[in-house]
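# Fold and contact review
Listed here are the chains, written in short residue letters.
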Amino acid sequence: MIAEGLIRGEDGLDRCFWHSGLEDYRRYHDEEWGRPVTEDVRLFEKICLEGFQSGLSWLTILRKRENFRSAFAGFDFPQVARFGDDDIARCLADAGIIRHRGKIVSTINNARRAIDLQGEFGSLSRYFWSYEPDASERPARMDYATLRANPTSPTSIRLSKDLKKRGWTFVGPTTVYAFMQAMGLVNDHIEGCCRRAPTEELRNRLVRP
């Protein structure tokens, strides 16, 4: 019997429900989601894309991700920080991305704030990974009910507040928690998912920045 919150694929493996059997979403689940990330550009990209995702599905953003990368200089934040009015107009005319002026302007603002953060902490990675939650803040068991009941966490609330204090935008606690899940600061693959144990092994081997 398959545990609640899992889907069994044609390969016989059980995976978290949210990939819905879609091939591109399954690859993202298997190959990216929850794997620990320490590269600054990837961290910046993800927190910005989570901001664009607000009010939409992540699948919508995932399928436009290459377009976002083209529009935002590969999320090289020193380059994005130099974007001006012409770049905003260019992005607003780009049908390949989400043409939301507030979120486009937010990405440019956050790039400038990322430079400040990098200057203060040495890297975005060192800053974000300092918010990896202690075991005491984590559920004893990550099952379907626990995952659905906790769209935020005490840590994501603290991180969101700190980012906002530093001038970041579109970084509410739910957005920040989705970022933490995706970048491996927490392992929220459901118990029984074929990727839970490998993801935890990667986290255990990680040299924290």
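Residues numbered from 1 in each chain as written. Predicted model: local features only at pLDDT ≥ 70, side-chain atom pairs only at ≥ 80, totals over all residues. Heavy atoms only, no water.

### With respect to the pattern of salt bridges
Opposite charge on two side chains makes pairing possible when the charged atoms of those side chains draw close. For clarity, the threshold we go by: Put simply, a salt bridge is a Lys or Arg side-chain nitrogen that is within 4 Å of an Asp or Glu carboxyl oxygen. Secondary structure is summarised from DSSP: a helix means a run of H or I of at least four residues, a strand means a run of E of at least two, and numbering begins at the N terminus for each. Relative accessible area decides the class of each residue, using a 1.4 Å probe on protein chains only: under 20% of the type maximum gives buried, over 50% gives exposed, and in between gives partly exposed.
Summed over all chains, the structure comprises 23 salt bridges. Notably, a salt bridge pairs R65 with E32, separated by 2.8 Å at the nearest N-O pair. Of the two residues, R65 is situated in helix 4 (residues 65-71) and E32 in the loop between helix 1 (23-31) and helix 2 (40-53); the sequence distance between them amounts to 33 residues. On the basis of relative accessibility, which here comes to 12%, the residue R65 falls in the buried class.

### Quick look at helix 7 (residues 101-121)
Quick note on the threshold: For a helix, the expected span equals 1.5 Å multiplied by the residue count minus one. Two residues form a contact once any of their heavy atoms are found within 4.5 Å.
In this model, helix 7 (21 residues) spans 30 Å end to end at C-alpha, consistent with the 30 Å of a helix rising 1.5 Å per residue. Among all positions in helix 7, only K103, I104, S106, T107, I108, N109, N110, A111, A114 and L117 are buried. Elements that come into contact with the buried residues of helix 7 comprise helix 2, helix 5 (77-80), helix 6 (85-92) and helix 8 (124-129). Within two residues after helix 7, G122 carries a phi angle of roughly 95°, on the positive side.

### Comments concerning empty space enclosed by the protein
Empty pockets left among the atoms are what a rolling probe the size of a water molecule brings to light. Filter applied, for reference: Residues are called lining when one of their atoms sits within 4 Å of a cavity or pocket point, these points coming from a 1 Å grid over the protein atoms alone, where a cavity is a set in which a 1.4 Å probe fits but cannot get out and a pocket is an open set with protein on both sides within 12 Å along at least five of seven lines. Grid points are joined across faces, edges and corners, and a volume is the space filled by probe spheres set on the points. Side-chain classes are defined by residue name, with Ala, Val, Leu, Ile, Met, Phe, Trp, Tyr, Cys and Pro counting as nonpolar, Asp, Glu, Lys and Arg as charged, and the others, Gly among them, as polar.
What the rule picks out here adds up to 1 cavity of 30 Å³ or more. Taken as a whole, the largest cavity spans an internal volume of roughly 50 Å³. Taken together, I47, C48, G51, F52, K103, S106, T107, N110, T169 and F170 make up the full set of residues lining the largest cavity. Within the residue set of the lining of the largest cavity, elements represented by two or more residues are helix 2 and helix 7. Residue classes in the lining of the largest cavity are distributed as 4 nonpolar, 5 polar and 1 charged.

### So, the UniProt feature "binding site: Zn(2+)" (unreviewed entry) in the protein chain
Under the convention used in this document: UniProt positions are given in the numbering used here, feature names are shortened, and annotations may be inferred rather than shown by experiment. In protein, a polar contact means a hydrogen-donor-capable atom and an acceptor-capable atom, both N or O and within 3.5 Å, with residues adjacent in sequence counting only if both atoms are side-chain atoms; elsewhere, any N or O pair within 3.5 Å suffices.
In the UniProt entry, the feature "binding site: Zn(2+)" (unreviewed entry) is given for C16, H29, H189 and C193. Spanning 178 residues, the annotated positions come together in the fold, the maximum distance between their C-alpha atoms being 10.4 Å. Among the secondary structure elements, C16 is positioned in strand 2 (residues 14-16). Under the relative-accessibility criterion, C16 is labelled buried at 0%. When near neighbours in sequence (up to four residues on either side) are disregarded, C16 contacts G5, L6, H29, H189, I190 and C193. Beyond its immediate sequence surroundings of up to four residues, H189 is in contact with C16, H29, W33, M142, R195, R196 and T199. Only 3.0 Å separates the side chain of H189 from the backbone oxygen of W33, close enough to count as a polar contact.

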